[in-house]
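# Analysis of the macromolecular model
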Amino acid sequence: QVQLVESGGGLVQAGGSLRLSCAASGRTFSSYAMGWFRQAPGKEREFVAAISWNGGNTYYADSVKGRFTISRDNAKNTVYLQMNSLKPEDTAVYYCAAQLSLKRPNTPSSYDYWGQGTQVTVSS
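Keep in mind that this is a model prediction, so the values were computed, not measured. (Residues numbered from 1 in each chain as written. Predicted model: local features only at pLDDT ≥ 70, side-chain atom pairs only at ≥ 80, totals over all residues. Heavy atoms only, no water.)

### Overview of the sheet that holds strand β8 (residues 78-83)
- The strand order β1-β3-β8-β7 describes an open sheet built from four strands, whose pairing is antiparallel. On the outer flanks of this sheet lie β1 (4-7) and β7 (68-73), each paired with one strand and no other. Each neighbouring strand pair of the sheet contributes to a mean axis angle of 15°, computed without reference to strand direction.
- As defined by bridge partners, strand β3 (residues 18-24) adjoins β8 across six bridges and the pair is classed as antiparallel. Paired with Leu18 across the strands is Met83, a residue of β8. (Pairing = 2+ DSSP bridges. Helix = DSSP H or I, 4+ residues; strand = E, 2+ residues; numbered from the N terminus. Axes fitted to C-alpha atoms, helices over the stretch in contact; angles between N-to-C directions.)

Here you go:
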């Protein structure tokens, strides 16, 4: 069982930056691949980024490539999402998720555990 708690969301102007954190409970955090997803009002949950258990492999949606960076610190049981050059279309609730095997990292149904989400709002 893994419990995930996101933090770091907020209101930022276009072009600004935010860093999201996702703190995980449990001693087996380093066994899990982690992902970030987002969901805007009226839209489906969409993939943002994913990272393998040791950070050796990362994956990004085309819409955030070059602007967002996913990383993890297994000693702190935390995964991060650094978001730069934010755009109004990045506005959404951001969720972190965990799965054991990093299969289909861009598919929500591949993940076993989810956090409650943190709101990111980018004003124009």
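More follows now that the structure is in view.
### Concerning the pattern of salt bridges
- Per the stated rule, a full pass over the model turns up four salt bridges.
- Among the salt bridges present, the one from Glu46 reaches Arg38, with a minimum N-O distance of 2.6 Å.
- Exposure remark for Glu46: the relative accessible area of 36% places this residue in the partly exposed category.
- One salt bridge in this structure joins Arg38 and Asp90, with 2.9 Å as the shortest N-O distance. Placement of the pair is Arg38 in strand β4 (residues 33-39) and Asp90 in the loop between β8 and β9 (92-99), with a sequence separation of 52 residues. (Salt bridge = Lys/Arg side-chain N within 4 Å of Asp/Glu carboxyl O. Buried < 20%, exposed > 50% of the residue type's maximum accessible area, 1.4 Å probe, protein only.)

### What to know about unusual backbone geometry
- At Leu102, a position not held by glycine, the phi torsion is positive, near 50°.
- Assignment of secondary structure puts Leu102 in the loop between β9 and β10 (113-114).
- Residue classification places Leu102 among the buried positions, given a relative accessible area of 18%.
- Phi is positive for Arg104, which is not a glycine, with a value near 40°.
- Summarising the element assignment, Arg104 is placed in the loop between β9 and β10.

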